[in-house]
Each structure stands twice: as structure tokens, then as C-alpha cells.
Amino acid sequence: MSIFIAEIAGKDSIASVRKFMKENRGATIIPTIVYTGTEYGDRKSYYNSIEFLKSFAEEDGVDFADTIEISDGPLWNLICAKYQYLINKKYGFYTPCIGCHMFTHLVRVPVFKSHNADGIITGERFSHQGKLKANQHPSTIRCFLDMFNEKGINLVQPLVDIRDTDLVNEYIGNDEIIRHANDVKCVLSGNMHGFKLEEHVKDLEHYLDGFIKPVGTFCLECLTGGVSVSIEELDEEIKEILK
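All figures in this text were calculated on a predicted structure; none of them were measured in a lab.

Novice: Is there a simple way to explain the overall build of the protein in this structure?
Specialist: Along the protein, the regular secondary structure elements total 12 helices and 8 strands. Relative to the 2.2 N^0.38 estimate, which gives 18 Å for 243 residues, the radius of gyration of the protein is 18 Å and therefore close to what a compact globule would have. With the principal axes as the frame, the protein shows a C-alpha extent of 55 × 40 × 30 Å. In the protein, which comprises 243 residues, the proportion classed as buried is 52%. In the protein, 80% of the contacts between residues at least 6 apart in sequence involve partners at least 24 apart. Counting every atom, the protein has about 11,500 Å² of accessible surface; 47% of that belongs to carbon and sulfur. Computing the positive centroid from 26 side-chain charges and the negative centroid from 36, the protein places the two 4 Å apart.

Novice: Looking at this structure, how should I read unusual backbone geometry?
Specialist: Of all residues except glycine, most have a negative phi; of all peptide bonds, most are trans. If you check the backbone angles, Asn116 has positive phi at about 50 degrees while not being a glycine. Relative to the helices and strands, Asn116 is located in the loop between α7 (109-114) and β6 (119-121). Judged by relative accessible area, which is 65%, Asn116 ranks as exposed. Its identity as a non-glycine residue notwithstanding, Gln129 has a phi of 55 degrees, on the positive side. Note on placement: Gln129 falls in the loop between β6 and α8 (138-150).

Novice: Which parts of the structure should I look at to understand the side chain of Gln157?
Specialist: Mapping Gln157 onto the fold places it in the loop between β7 (155-156) and α9 (165-172). For Gln157, the contacting residues outside a window of four places in its chain are Thr122, Glu124, Ile141 and Leu145.

Novice: What is the right way to look at the packing of helix α6 (residues 96-106) against α8 in this model?
Specialist: Geometry of a packed helix pair, given as the angle between the helix axes and the separation of the axes. At a closest axis distance of 11 Å, the pairing of α6 and α8 adopts a crossing angle of 30 degrees. Compared by their axis directions, α6 and α8 come out roughly parallel. Crossing of α6 over α8 shows right-handed handedness. Across from Ile98, His101, Met102, His105 and Leu106 in α6, the residues of α8 making contact are Thr140, Phe144, Met147 and Phe148. Tallied by class, residues from the contact of α6 with α8 come to 6 nonpolar, 3 polar and no charged.

What counts, and at which threshold
- Residues numbered from 1 in each chain as written.
- Predicted model: local features only at pLDDT ≥ 70, side-chain atom pairs only at ≥ 80, totals over all residues.
- Heavy atoms only, no water.
- Helix = DSSP H or I, 4+ residues; strand = E, 2+ residues; numbered from the N terminus.
- Rg over C-alpha atoms; globule rule 2.2 N^0.38 Å.
- Buried < 20%, exposed > 50% of the residue type's maximum accessible area, 1.4 Å probe, protein only.
- Contact = heavy atoms within 4.5 Å.
- Areas by Shrake-Rupley, 256 points an atom, 1.4 Å probe, with all protein chains shown as cover.
- Lys, Arg positive; Asp, Glu negative; His and termini not counted.
- Charge placed at Lys NZ, Arg CZ, Asp CG, Glu CD.
- Axes fitted to C-alpha atoms, helices over the stretch in contact; angles between N-to-C directions.
- Parallel < 35°, antiparallel > 145°, perpendicular 65-115°, else oblique.
- Left-handed = near helix turned anticlockwise from the far one by under 90°.
- Nonpolar A, V, L, I, M, F, W, Y, C, P; charged D, E, K, R; others polar.

Following this line, the structure appears as C-alpha cells:
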């Protein structure tokens, strides 16, 4: 029996799980919801999306386990908020979205390990109708894949090469779910307004190599070893990185 941890977040994650279900009969899916503390909106939409996915379980030949909610405010703060001034100073730009995206993958690792899972299903896409996002830029996604693969954690990305949002919607095929899957929003949305990512790819890659990868690797060393991330030790690690 194969077990997969499912990211339940916005529309792309729902479409991703739906596509995965169609292609993986016999799998058991564990839905997971990660809270960062920056969201607002109706969180029931997450559970409505899960019930929608479950309605196809018998047809697709998959099983669903109970939903797991996850949060870790101190770790999110350390990766995404505390050192934003120093990160901006060193790398020439700052957005919390890249660290936050990594955080949502990291905090699912204990669930992955405890269930001896085969992968984590995520909703990343290289391109959204031609638009590139910093937290899903090809360089960012490759950075995540490298880190997690090195630790034997398979990030399953059914939509990664799909740029056409209409095709993503087709995998869901339900107007109500499509309309409400993104009802939970982030207070930091739009934080890169006016920043032209395409002109700063080298800065992005410098940040990924210099900050995201060592921070993520430190956390993965802890989590795959069966221990919690030490906030104090990670704090010292980050201070060294940002000297």
C-alpha cells in the first residue's frame, strides 16, 4: 500500500491531488492543512475541498485517512519574518513567500516520516499563464526538490509543467470548488508589487543558495532524524549565514 501526504491549500493544490487520484489507484491519501498565522478568510473552505476530493475516492480507487492540521509559529517567524531586514540587505530583495513555501513542506515531514509515506503531493507550477512567482520560480522549485530528494522525501508535483489555468480548472471540474478554493488568503499577498522578478533572477538564485538551502537543510537534518527543529540553534545558524 502506498501512502501520500496531500497538501490542502489553494486551488492548485486541490487540482494537483485530483489529478494524482486519477493516476494512482490503490493509494492512501492523508490530507494536511498547514496554518502559518498570516491567513484570513473562511477556513471551512479547506474542509469543503477535502470532502469534494473524497467524493471521488471510490471511483478512483483511493482511500483517505483523517485530516491533520499543522502549525509552528516560532519556526515560521524565524524562517520568514525575523530577519527580513538583513535578508534584504544581503540579497537585494526580500519576500516571505519563498521561506513560507519551504516552511509548509518542512512541517509536513514529521507526518511523512511517522506514516512511512511515499511522497508529499504539492501544487507547484513553474508558470501561471506565463507569470512567474518567486516561490514557484523554476530555480526555487529545483532548490526545494534537491533538498528534499537528498533526504529521501519525494515531492510529487502533478501540475508542475502545466501553465494553462483553464486546464488546472478542468482537473477540478466543479465551479463551486474552483470559486472558493482560494477563499483563505494571506495578509502578505502582493508583497512583491512593483518588483520585477525577471530582472533579479541572479539575486533570487543567490538567496536560494545562500539562505534557503542551508536553512532548509538544517531543518531537514533535524526532522528526518526524528527530532524537532531547535529554534535556538537555527537562530544561531541564520545569524552566521547573514553576517
